[in-house]
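# Chain and residue survey
What follows is the residue order along each chain.
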Amino acid sequence: MKNIYKKCETLFMGMTTFIYAKKYIVLVFMLLFTAGLASQLANITIDTRDEGFFHDDDPALIGYNDFRKRFGQDEIFIIALQPEKGLDKAFFNTLHQIHQELEESVPYIDDIKSLINGRVVRAEQDTLYVEDLVETPPQTDEELAKIKELIDHFPLYENLLVSRDRSTVSIIIKALAIKESQSDDILAGFDQGAPQAGNDADKYLSNSESLEITKAIQVVIDKYQSPDLKVFFTGTPAVVAELQMSIERDLSLIMPLSMLLIIFFLTLLYRRISGVVYPLLVVILSLLATFGFMALVGIPITLVSQILPSFLLIVGIGDTVHILTIFYRNYNQHGDKRQAIIDAVGFAGLPVLMTSVTTACGLLSFAWADVATVAQLGYVAPVGVMLAFVYTIVLLPIFIAIFPVKQKRSKTAAINSSVEMFFDWIARITTQRPLIVTLVFGIIVTIAFCSALTVRFSHNISTWFPEDSAIRMATNLLDSVNGGSVMLEVLIDTGEKNGLHSPEFQQRLEKAVAVISELEVSGIKAGKVWALPDVLKETNRALNEDKQSAYIIPDSRELIAQELILFESSGSDDLEDFTDSSYRTARISIVAPFADAILYADYTEKVLEYLKQQFPDNSVILTGKIQLFVHIITNSLTTMAKSYTFAIVVITLLMIVLVGRVRIGLMSMAANVTPIICILGVMGVLRIPLDLSTMLVGSLILGVVVDDTIHFLHHFRRAFEKTADVEMAVRETLYTTGRALFITSMVLCGGFYIYTVAYLANNVRFGIISGTAVLFALAADFFLVPALLTLVYRRK
């Protein structure tokens with residue numbers, strides 16, 4: 001193994017010699033390579049859609065897309081209006097203006113529903129009319145009273161277009177499910193039979209187009225916000241658009257702060273311009289290449305990968321610090337910068353390569369994730385880590401060769417003395433009291449493990465926003481006054497053409513709507529449930545002199561068929577929202593509160609269980625946004641299990657290979673798993689849930705913190721070969737690499753803690769637990785690793 005190390009060091013020294021000699025040619029090549037990838041940056045996108053969490057072949061996504069092809073979009077934008085003076089004439093005039101302006105100015109709209117065009121079904125003799133509730137705004141008290149009477153007359157309005165207490169009126173905006181340019185069939189909503197499964201993302205509205213809708217709506221409603229009319233704006237697509245804007249806001253804040261933090265630590269460490277500028281140039285160029293690669297392969301920035309810029313920035317700085325520290329030390333001793341950088345890369349190149357490989361493997365564990373956005377991180381992040389390594393190994397020697405570097409004599413003897421005293425104390429206590437140190441860590445890990453068992457899973461995007469944010473307040477308002485803003489869709493296949501003409505089936509469907517309306521599971525209760533029986537009952541009542549006693553489902557197939565034909569011939573296209581053109585499949589739409597997806601899982605399970613009992617001979621399928629949320633949680637659990645297992649197994653094997661001894665490799669992994677258990681324990685104490693951000697911490701931090709252990713073991717091996725004394729080897733290791741480990745850990749820790757200034761709460765939580773995990777890792781490397789090494793080597 002010793003010979004292998006020597007050959008690797010010789011290889012790195014030879015490569016650096018070549019780069020130093022051919023510096024201008026290699027620099028031009030690297031700049032052209034970077035420019036080529038960076039030219040793709042204009043094509044990079046941000047995707048915060050819920051569909052983005054799924055792979056193209058995921059059955060949940062395929063089913064959801066099939067639903068959208070048949071029935072249109074299920075997610076809705078909701079504008080909630082609270083008039084100070086109630087539903088008076090002035091309000092209906094304002095509502096009419098807003099509705100009309102939205103129709104004229106908002107792009108990609110499929111339908112807008114409000115009290116203005118609310119469905120009114122009436123009949124004259126045998127002719128059925130389906131009209132709008134407010135053809136023109138009321139001018140007299142009698143006209144206003146008539147409108148209010150009709151609102152009370154049609155139950156479908158309640159908790160959908162107007163709240164039960166009449167304090168809040170909603171405008172529901174449904175965007176196109178499939179872009180018009182992609183679909184030539186104007187009758188796409190009335191497809192015969194089930195459409196072909198599949199997912200062609202280009203057919204559906206993109207994040208940017210959804211954001212365009214959101215901004216257009218916001219422009220309209222901002223003009224009407226006043227003390228006399230409170231205006232709120234929410235809905236799942238509005239939440240997604242707000243997420244994208246929040247990510248952009250957080251990135252624009254976190255990246256500059258990360259840069260300032262790095263500049264501060266590099267200045268503190270090196271106290272020279274080259275020690276600040278060279279690392280920054282290296283990481284900036286590697287970042288440009290990484291994100292150019294993302295754009296080239298079509299991977300967007302997501303809720304998960306938004307951590308990538310600052311993460312790669314910090315990891316890249318760590319690579320440069322380990323090499324520059326040795327370079328400056330060598331250069332200050334003999335003044336030959338060529339030999340100094342050759343020796344520095346030869347000495348630190350192998351451990352930097354090993355740390356890059358282990359970090360990349362930790363991130364590669366995400367590539368097999370069932371959550372697509374996590375898998376995308378697993379594709380890109382390892383490439384970014386290895387690019388950072390290549391740029392460090394190649395560009396640092398070039399910058400040093402081209403630009404002058406001032407030789408310095410150390411003027412920090414007092415500081416060095418204090419630091420060395422601290423390292424002496426660590427070496428003494430860990431090597432002379434190894435059992436006590438190990439026992440203390442064992443107790444801490446045991447307590448943390450017990451606390452970690454209380455950590456729960458969660459996925460509730462609305463809670464990521466501050467409590468006083470407009471989107472969160474609007475969402476909470478809709479939950480309280482209308483019972484929700486998120487859709488669960490049910491498709492029931494009768495198995496035959498005109499199967500929905502059956503009175504018995506319609507009566508069971510009516511009962512299902514009533515039961516689901518009252519069903520409450522884990523605090524989740526539907527705010528509104530509707531289906532085809534609502535249309536039938538409205539039609540039957542209208543055809544029977546508008547008698548309330550006729551608000552029932554007709555008792556014969558012929559009458560149901562006749563009334564459906566009359567409704568169709570009235571010119572209304574509302575039946576598209578309830579069934580397909582062959583009257584084979586029924587749709588039940590359920591609006592529920594914006595809640596934790598874990599709670600949705602229990603709720604949807606009970607809904608499906610009931611519907612299968614109610615329709616034992618029919619196919620029942622759940623889809624819609626709520627069902628997607630449930631699958632996101634399920635996929636997250638399997639993703640976490642896969643990534644943690646892969647990362648631990650692969651990195652353990654790599655450590656054994658890199659160290660050359662099974663016992664030392666396993667020992668080092670015990671020290672590196674310790675921070676993960678400890679941070680999970682902290683999450684249990686602070687009640688921080690495992691969500692799509694925090695679930696990444698284990699594999700991500702494992703890949704990062706093992707870097708310091710590799711550097712420690714690499715330098716310890718060299719020192720122990722010289723001294724054959726554990727305490728002296730630990731002391732020498734701390735002297736040579738301890739300060740670099742401390743600085744890189746502080747940069748990592750600070751880089752993660754910067755996320756605490758983020759707007760989104762999930763980013764804040766990610767920053768807190770990741771930064772704290774780095775501190776645990778540093779403590780394990782400085783105390784636990786030397787203690788374990790002492791226990792292992794003293795048995796020899």
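Residues numbered from 1 in each chain as written. Predicted model: local features only at pLDDT ≥ 70, side-chain atom pairs only at ≥ 80, totals over all residues. Heavy atoms only, no water.

## A look at the pattern of salt bridges
In a structure, side chains of opposite charge can pair up when their charged atoms sit close to one another. Note the threshold: Each salt bridge in this description consists of a side-chain nitrogen of Lys or Arg and a carboxyl oxygen of Asp or Glu lying within 4 Å of one another. What counts as a helix is a DSSP run of H or I of at least four residues, what counts as a strand is a run of E of at least two, and both are numbered from the N terminus. Accessible area is worked out with a 1.4 Å probe on protein chains only. A residue is then buried under 20% of its type maximum, exposed over 50%, and partly exposed in between.
For the coordinates displayed, the defined rule picks out 31 salt bridges. A salt bridge links Glu 101 to Lys 223, with the shortest nitrogen-to-oxygen separation between them at 2.1 Å. Of this pair, Glu 101 sits in helix H4 (residues 89–105) while Lys 223 sits in the loop between helix H6 (207–222) and strand E6 (229–234); the two residues are 122 residues apart in sequence, bridging distant segments of the chain. The salt bridge involving Arg 541 is made with Asp 546; its shortest N-O contact spans 3.9 Å. For Asp 546, a relative accessible area of 37% gives the class partly exposed.

## Looking at helix H15 (residues 503–518)
Put simply, the rule is: Every helix has an expected span of 1.5 Å times one less than the residues it contains. By definition, residues are in contact when any of their heavy atoms lie within 4.5 Å.
Under the 1.5 Å per step criterion, the end-to-end length of H15 is 23 Å for 16 residues, consistent within 8% with the ideal 22 Å. Taken together, the buried positions of H15 are Pro 503, Phe 505, Gln 506, Arg 508, Leu 509, Ala 512, Val 513 and Ile 516. Where H15 is buried, its residues touch strand E7 (486–493), strand E10 (528–530), helix H16 (532–543), helix H17 (557–569), strand E11 (585–592) and helix H18 (597–614).

## Looking at the sheet that holds E11
Adjacent strands of a sheet form backbone hydrogen bonds with each other and so pair up, either parallel or antiparallel. Quick note on the threshold: Here the rule is simple: two strands pair whenever DSSP picks up at least two bridges between them. In this analysis, axes come from line fits to C-alpha atoms, helices being fitted only over the stretch in contact, and the angle between any two N-to-C directions falls in the range 0 to 180 degrees.
Reading across from one edge, E10-E11-E7-E12 is the order of the four strands in this open sheet, with antiparallel pairing throughout. Whereas interior strands pair on both sides, the edge strands pair on one side only; in this sheet they are E10 and strand E12 (619–623). Neighbouring strand axes in the sheet, compared pairwise and without regard to direction, differ in orientation by 15 degrees on average. Pairing of E10 with E11, which is carried by three bridges, proceeds in the antiparallel orientation. For Lys 528, the partnering residue across the bridge sits in E11 and is Val 591.

## Regarding the sheet that holds strand E2 (residues 109–113)
The strand order E2-E5-E1-E6 describes an open sheet built from four strands, whose pairing is antiparallel. Each having just a single partner strand, E2 and E6 make up the two edges of the open sheet. The mean angle between the axes of side-by-side strands here comes to 15 degrees, regardless of whether they run parallel or antiparallel. Pairing of strand E1 (residues 77–83) with strand E5 (residues 169–175) involves five bridges; the strand directions are antiparallel. By the bridge assignment, Ala 80 is partnered in E5 with Ser 170.

## Points about the packing of helix H10 (residues 337–364) against helix H11 (residues 372–402)
Between two packed helices, the angle of one axis relative to the other and the distance separating the axes together describe the packing. Our working definition: Each angle receives one of four descriptions, namely roughly parallel if under 35 degrees, roughly antiparallel if over 145, roughly perpendicular if within 65 to 115, and oblique otherwise. Amino acids are sorted into nonpolar (Ala, Val, Leu, Ile, Met, Phe, Trp, Tyr, Cys and Pro), charged (Asp, Glu, Lys and Arg) and polar (every other residue, Gly among them).
Axis separation between H10 and H11 bottoms out at 9 Å; the angle between their running directions is 175 degrees. Taken together, H10 and H11 sit at an angle that is classed as roughly antiparallel. Residue-level inspection shows Lys 337, Ile 341, Val 345, Gly 349, Val 352, Leu 353, Ser 356, Val 357, Thr 359, Ala 360, Leu 363 and Leu 364 of H10 in contact with H11, the latter providing Gly 378, Ala 381, Pro 382, Val 385, Met 386, Phe 389, Ile 393, Pro 397, Ile 400 and Ala 401. Classifying every residue of the contact of H10 with H11 by side-chain character gives 17 nonpolar, four polar and one charged.

As far as function goes, none of this settles anything; it's purely spatial.
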